[in-house]
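Observations on chain architecture
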Amino acid sequence: MIETAVLATSRVEINLAKIAHNADQLVRLYGSKGIGIMGVTKTVCGDAKIAKTFVDSGINMLADSKIENIKKMRDAGIASQFVLLKSPALSEAEAVIQYVDISLNTELFVIKKLAEIAVGKDKIHQIILMIEMGDLREGILPEQLIVFIEEVLKLSGVIIVGIGANFACFGGVKPNEKNMHYLSELSRMVDVKFSLPLLYVSGGNSANYNWFMDSPNVGSINNLRLGESIYLGRETLDRKVIPGLFTDAFIFVSEVIESKIKPSLPYGEIGQDAFGNLPKFQDLGLMRRAIASFGHQDVLVEGLTPELDVAILGSSSDHTIINARRVDLKVGDEVRFSLNYGALLSVMTSVYVTKKYI
Ligand SMILES: *Cc1c(COP(=O)(O)O)cnc(C)c1O
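Let me sum up the structure you'll find in this document.

So, how was this worked out
Residues numbered from 1 in each chain as written. Predicted model: local features only at pLDDT ≥ 70, side-chain atom pairs only at ≥ 80, totals over all residues. Heavy atoms only, no water. Helix = DSSP H or I, 4+ residues; strand = E, 2+ residues; numbered from the N terminus. Buried < 20%, exposed > 50% of the residue type's maximum accessible area, 1.4 Å probe, protein only. Lys, Arg positive; Asp, Glu negative; His and termini not counted. Charge placed at Lys NZ, Arg CZ, Asp CG, Glu CD. Contact = heavy atoms within 4.5 Å. Near = heavy atom within 4 Å. Polar contact = N/O pair within 3.5 Å; in protein donor to acceptor, adjacent residues only side chain to side chain. Areas by Shrake-Rupley, 256 points an atom, 1.4 Å probe, with all protein chains shown as cover. Nonpolar A, V, L, I, M, F, W, Y, C, P; charged D, E, K, R; others polar. Salt bridge = Lys/Arg side-chain N within 4 Å of Asp/Glu carboxyl O. Expected span 1.5 Å × (residues − 1). Phe/Tyr/Trp six-rings, centres within 6.5 Å; stacked < 30°, edge-to-face > 60°. Lys NZ or Arg CZ within 6 Å of the ring centre and 35° of its normal. Disulfide = S-S within 2.5 Å. Core = buried A, V, L, I, M, F, W, Y, C linked by side-chain atoms within 4.5 Å. Arc of directions from axis to C-beta.

A few points about the overall build of the chain
Within the chain one finds ten helices and 16 strands. Over its C-alpha atoms, taken along the principal directions, the chain stretches across nearly 75 × 45 × 40 Å. Every one of the 358 residues in the chain was classed for burial, and the buried ones make up 48%. Charged side chains of the chain number 37 positive and 41 negative; the gap between the two group centres comes to 2 Å.

This is the structure in structure tokens:
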């Protein structure tokens, strides 16, 4: 559970109405070709207010990679099905059966353990089998799928409710007509061979947008797991804005603690900086340099874009140096930044950044 520091000088402003708008638009868009959405909450650490916003926008499956977050959302009374977005660790199998409705799986050994615990508790745990399709993160190799399913069907306590694949997370592999068609074909094969109609054929994530827009026929793909495009309004292959969506539902805000005209070139004998790099600078003469009260310990600084016409020069663990250019930044002024995915993850995870809902 994330406890936020009470005395934090930086905050993330979370615009729930903009998140609701994005969720609503994407549910409609994908729904137009029969694709349902799982709302991915790992990005925001299972934030209960955001989860509630998803549910109010008609998303009734929430997916997270941490059981801790799922438990938090359940405890907050969020009325949804909960999906564990990655193969359970053996050590968390008990907790999976207790808190999770559906888990994504790739290892028989893990599924056996889940089945054993589920039987002991008189439960049936639902599983989605993830198939490797080239991105080389998680997945069962397609040629091993039949034998794998045969083994799972021998178990009580678990039921296969779907298959899925993930793209553009590790290898940068794009979902396209070819691999989506292949996933569809696999689902039909499973249906025919095992009389196992799959509730979920989950084709991917926010990277599937271009494929979806370019495909009149999405085959048997009937589910996507969306995080980034709901939060930041972009698809994730080229980070293009999805028309009609907000890209500023989250804004990072911090405070200026020093502002002075100083040289642009460090002077004195030069050694390593705070992170072991040998810094290099260009001499631009005197400039207004402002220091904002955050650093690498608070946020992934590289993922911030200032709203004002100023530039981030660099950060240590707790200071960020800004070239204020022509902006007369004063001590006490607030500086605002938009966030990319990495920055969003980091501020939501940081205990030093207050969450303010608007
Ligand atoms: C994180 C994750 C997602 C969501 O990805 P976005 O790019 O945020 O839409 C979907 N599926 C899996 C398996 C994930 O790990």
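Comments concerning the side chain of Glu 228
Inspection of the secondary structure assignment puts Glu 228 in helix H9 (residues 228–232). By relative accessible area, which is 7% here, Glu 228 ends up buried. The contacts of Glu 228, once residues within four sequence positions are left out, are Ser 206, Gly 233, Arg 234, Thr 236, Arg 239 and Tyr 341.

A look at unusual backbone geometry
Its identity is not glycine, yet Cys 45 carries a phi of approximately 55°, on the positive side. As for its position among the elements, Cys 45 is in the loop between strand S2 (36–40) and helix H2 (48–56).

Some words on the site of the ligand
As a structural note, the neighbourhood of the ligand is formed by 13 residues, with Lys 42, Ser 206, Arg 225, Gly 227 and Glu 228 the closest of them. Within the side chain of Arg 137, an N or O atom sits 2.9 Å from an oxygen atom of the ligand. Gly 227 is positioned with one of its backbone polar atoms (N or O) 2.9 Å from an oxygen atom of the ligand. For the ligand, the accessible surface in isolation is 390 Å², of which the surrounding protein chains cover 95%. Looking at the shell around the ligand, its residues break down into four nonpolar, four polar and five charged.

Concerning the pattern of salt bridges
Enumeration over the complete set of coordinates arrives at 19 salt bridges. Lys 18 is the partner of Asp 248 in a salt bridge, and the nearest nitrogen-oxygen pair spans 3.2 Å. You can see Asp 248 sitting in the loop between H9 and strand S10 (250–263) and its partner Lys 18 sitting in helix H1 (residues 16–31), a full 230 residues away along the chain. Residue Asp 248 is classed as partly exposed on the basis of its relative accessible area, which comes to 31%. Here Lys 154 ties to Glu 151 by a salt bridge, and the two come within 2.8 Å at their closest N and O atoms. Residue Glu 151 is classed as partly exposed on the basis of its relative accessible area of 25%. Here the residues in one salt-bridge network are Arg 11, Glu 13, Glu 307, Glu 334 and Arg 336, joined through shared partners.

Describing helix H5 (residues 108–120)
In this model, H5 (13 residues) spans 18 Å end to end at C-alpha, consistent with the 18 Å of a helix rising 1.5 Å per residue. By the burial criterion, the buried members of H5 are Val 110, Ile 111, Leu 114, Ala 115, Ile 117 and Ala 118. Looking at the packing, one finds that the buried side of H5 touches helix H4 (93–99), strand S5 (102–105), strand S6 (125–130), helix H6 (145–153) and strand S7 (158–164). Of the residues flanking the end of H5, it is Asp 122, one or two places downstream, whose phi is positive at about 60°.

A few points about the packing of aromatic side chains
Applying the stated rule across the entire model yields six aromatic pairs. Ring geometry for Phe 252 and Phe 337: centres 6.1 Å apart, planes at 40°, overall tilted. You can see Phe 252 sitting in strand S10 and its partner Phe 337 sitting in strand S15 (residues 334–339), a full 85 residues away along the chain. Comparing Phe 252 with Phe 337, the two get one shared label, buried. By way of ring pairs, the aromatic residues Phe 54, Tyr 231 and Phe 250 are connected into one cluster. For the cation-ring pair, Lys 49 lies above Tyr 357, with the distance from its terminal atom to the ring centre recorded as 4.5 Å.

Considerations on the environment of Phe 148
With respect to the helices, strands and loops of the structure, Phe 148 is situated in helix H6. By relative accessible area, Phe 148 is classed as buried at 10%. With twelve residues separating them in the primary sequence, Phe 148 and Leu 136 have C-alpha atoms 18 Å apart.

Some words on the state of the cysteines
Taken as a whole and judged by the stated rule, the model has zero disulfides. The cysteine Cys 45 is free of any disulfide, with Cys 169 supplying the nearest cysteine sulfur at 17 Å. On the basis of relative accessibility, which here comes to 9%, the residue Cys 45 falls in the buried class.

Some thoughts on the nonpolar core
In this structure, Ile 19, Tyr 30, Ile 50, Leu 129, Phe 250, Phe 252 and Met 348 are the most contacted members of the largest nonpolar core, which totals 89 residues. At six residues, H5 tops the list of elements feeding residues into this core. Membership of the second largest hydrophobic core comes to twelve residues, among which are Met 61, Leu 85, Leu 104 and Tyr 200.

Some remarks on the side chain of Ser 202
Among the secondary structure elements, Ser 202 is positioned in strand S8 (residues 200–202). Engagement of the side chain of Ser 202 in a polar contact is seen with the side chain of Arg 225, the distance being 2.8 Å. Non-local contacts of Ser 202, meaning those with residues more than four positions away in its chain, are made with Ile 163, Gly 164, Ala 165, Leu 183, Asn 223, Leu 224 and Arg 225.

Here we look at helix H7 (residues 177–194)
Counted at 1.5 Å a residue, the expected span for H7 with its 18 residues is 26 Å, and the 26 Å between its end C-alpha atoms agrees. What H7 keeps buried is the set Asn 179, Met 180, Leu 183, Ser 184, Leu 186, Ser 187, Val 190 and Phe 194. The arc that holds the buried residues of H7, viewed along the axis, is 155°, so those residues lie on one side. Turned more than 90 degrees away from the buried face of H7, the exposed residues are Lys 178 and Val 192. Buried residues belonging to H7 abut H6, S7, S8 and helix H8 (209–214). The backbone nitrogen of Lys 178 has a side-chain oxygen 3.1 Å away, supplied by the residue at the start of H7, namely Asn 176. Downstream of H7 by a residue or two, Ser 195 has a phi angle that is positive, lying close to 45°.

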